[in-house]
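In case you want the letters, here they are:
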Amino acid sequence: MTAVQYVQTFTIKLKMTDFGEILRNIGEFGLFQKITLIALCFPNFVQTFLYASFVFIQSDPDRHCSTDWILSAAPNLTSEEQLNLTVPREEDGTFSKCEMFVPVSWDIDTIREYRLNETTGCQDGWVYGNMLYKATIVTDRFGRKRATQIPAVLLSVFTVTTALCPNVYLYLVSLFLVGFGAGGYRVNSIILSTEWIGTSKRSWGACVTQLFSAIGECVLAGMIYGIRNWRLAQLITAVPLAALIIYIWFIPESARWLLSRGRKEEAKQLIVKAAAINKHPVSESLLDKIEVNNSVNNEGIKIIFKSSLLTRYFFIIILSWFSVNLSIYSLYLDMESFGLSIFVTQLLYGVFEVPSVLLSMWLLDIFGRKILFIATLLIGGVSSILILAVPDSYAISVTSLAVASRFFLIWAGSICMVFMQELFPTSVRQTATSLGSISARLGGLLAPLLNLLAMYHSVIPITVFSCLTLIGGFLGFLLPETKRKELPETTEEAERNGQVSPTRRTTTSPHSYSTKM
């Protein structure tokens, strides 16, 4: 290729405008982006109820086998004496919830003298007493826009059906579909809002979502404390989702995604709409220069694994995200053992999560992603493992360490979401983020199983999830910094990781380029 041809080629590229420049012209975080972000984040206020309220609505109340058979021998027995004669005790001295002594036809004096020792499972149901809640489940027996709308509908519908389920089997199916919708909505709504936001406020897509969830944490504690009826709690949760069903159809598609699919005219219409709302009119000449990808890449997630660099980034993030959720939910599901009221602990979790998210929104744009990613994982891991050094009798100290660990781990989770979107090209951003979210949910899924290992030794769960978190923090040194760098559109840009200036197509003239030939 001759020097003239180089100049001609560069001149053509010079005339093209990337989406980042479009956002700088119409406003990186104007009224349009704010309305879209708040509308998409609002449902996450009640998602906390769906994720966390099972600690309350599925509470296993104090109970014991019904042993009224003994009343035929001694009708005037007190409840305490009846339990002492008919129900065995566990190693910790409490009455068994699932076993009773085998009924006999002896008179009461013989029973008192010889005592009963042969046990069996409950034969006539349970007697519930000193219940924390009045009713629990135990006692009752494809584009960014479409990918956001479908989970929103599932989430709204099955939140209602969960409250109306007549038995535990339908409840489990309904709850599974709620989780399916909630997880899908959260990931896709963050991606949709983020792709409309410029570099200066891009991390807000994930952080504002987490902020709404944190506020929901606080409200959840008060709501459940006041209601204590799981069906009513679920129905109240469904009310805000009814509004979501109405306005979700008016949320705009991602113009960035449309351009990546070669749909320039649709993208231009949305850009003009956004510019009008932001009161920053955009010229037709600038719109005509927008870069369009006319060769749609259908390789999907294979794009990541064809690059050793992107593969490394991908596995570091999913391991860290997995360990974060494993730690958060292991601590969350075990909060009854911290010694403080479950409602107080829940409130503390939410109250301290709010400043965690606000700090994340502020400091991510000051210190960048990498250093905060490393710091939050390491501090969160150290805080959780220090719980092992505190005696169980020091309830305030144990709870403080758990809250501190959660504070930094929630922060780390937000950074994982931000990193996953900024490290990978537009064509696989949604898939990569979804897989990252799946790894996080897998951590939450395995948390109760990990906690069960405490029956062998109490230190096992905390040791396992703390060590995984610390490993994720150290691996963070292998990640690049992505602060204030444009979202990569191609694999090449992702591998360069934005090392080229965001204004790379508009700051050099054809003459200066040709002099280098």
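So, how was this worked out
Residues numbered from 1 in each chain as written. Predicted model: local features only at pLDDT ≥ 70, side-chain atom pairs only at ≥ 80, totals over all residues. Heavy atoms only, no water. Helix = DSSP H or I, 4+ residues; strand = E, 2+ residues; numbered from the N terminus. Buried < 20%, exposed > 50% of the residue type's maximum accessible area, 1.4 Å probe, protein only. Areas by Shrake-Rupley, 256 points an atom, 1.4 Å probe, with all protein chains shown as cover. Disulfide = S-S within 2.5 Å. pLDDT = per-residue confidence, 0-100. Contact = heavy atoms within 4.5 Å. Axes fitted to C-alpha atoms, helices over the stretch in contact; angles between N-to-C directions. Parallel < 35°, antiparallel > 145°, perpendicular 65-115°, else oblique. Nonpolar A, V, L, I, M, F, W, Y, C, P; charged D, E, K, R; others polar. Patch = residues over 30% accessible without salt bridge, like charges linked within 9 Å, V, L, I, M, F, W, Y side chains within 5 Å. Salt bridge = Lys/Arg side-chain N within 4 Å of Asp/Glu carboxyl O. Core = buried A, V, L, I, M, F, W, Y, C linked by side-chain atoms within 4.5 Å.

Visitor: Quick question: what am I supposed to make of the overall build of the chain here?
Guide: The number of helices and strands found in the chain is 23 helices and four strands. Sorting the 517 residues of the chain into buried and exposed places 50% on the buried side. Entry remark: accessible area of the chain is about 23,500 Å², with carbon and sulfur atoms responsible for 63%.

Visitor: Honestly, the state of the cysteines in this entry has me stumped. Any pointers?
Guide: Covalent bonding between the sulfur atoms of two cysteines defines a disulfide. Evaluation of the coordinates by the stated rule reveals one disulfide. Between the sulfur of Cys65 and that of Cys122 lies a disulfide, 1.8 Å long from S to S. Since a negative S-S torsion denotes a left-handed disulfide, the Cys65-Cys122 link at about -65° is left-handed. With Cys65 in strand β1 (residues 63-65) and Cys122 in the loop between β3 (119-121) and β4 (126-128), this pair connects stretches of sequence that are 57 residues apart.

Visitor: Honestly, the confidence of the model for the chain in this entry has me stumped. Any pointers?
Guide: Do not read the predicted coordinates in detail wherever pLDDT is low. For the chain, per-residue confidence averages 80 on the pLDDT scale, and 83% of positions sit at 70 or higher. When mean pLDDT is compared element by element in the chain, helix α21 (residues 460-475) scores highest at 96, while helix α23 (residues 510-514) scores lowest at 33. Confidence over residues 1-15 falls short of pLDDT 50; this stretch has 18 contacts with residues more than four positions distant or in other chains. The low-confidence segment residues 500-517 (pLDDT under 50) makes 27 contacts with residues lying over four places distant or belonging to another chain.

Visitor: Got a minute to help me understand the packing of helix α2 (residues 19-26) against helix α13 (residues 264-277) in this structure?
Guide: In a pair of packed helices, the angle between the axes and the distance between the axes together describe the arrangement. In the contact formed by α2 and α13, the axes pass within 9 Å of each other and the chain directions differ by 25°. As judged from the angle between their axes, α2 and α13 are roughly parallel. Residues Phe19, Ile22 and Ile26 of α2 form the contact with α13, whose own contacting residues are Ile271, Ala274 and Ala275. Residue composition of the contact of α2 with α13, grouped by class: six nonpolar, no polar and no charged.

Visitor: Explanation requested: a nonpolar patch on the surface in the structure shown.
Guide: A surface patch of nonpolar side chains, about 820 Å² in accessible area, is lined by Leu442, Leu445, Leu446, Leu449, Leu452, Leu453, Met455 and Tyr456. When you line up the elements, Tyr456 lands in the loop between α20 (426-452) and α21. With a relative accessible area of 64%, Tyr456 lands in the exposed category.

Visitor: Please explain unusual backbone geometry as it appears in this structure.
Guide: A negative phi holds for most residues other than glycine; trans holds for most peptide bonds. Look at Arg115: it is not a glycine, yet its phi comes out positive at around 60°. When its relative accessible area of 41% is taken as the criterion, Arg115 is described as partly exposed. Backbone geometry at Lys279 places phi at a positive 60°, although glycine is not the residue there. With respect to the helices and strands, Lys279 occurs in the loop between α13 and α14 (284-288). Look at Lys279 and you get exposed, because its relative accessible area is 70%.

Visitor: Would you explain the nonpolar core in this entry?
Guide: In globular proteins that are soluble, nonpolar side chains generally tend to be buried together. In this structure, Ile317, Phe373, Met420, Phe424 and Leu479 are the most contacted members of the largest nonpolar core, which totals 68 residues. Of all hydrophobic cores here, the second largest spans 32 residues; its members include Ile22, Ala152, Trp257 and Ala274.

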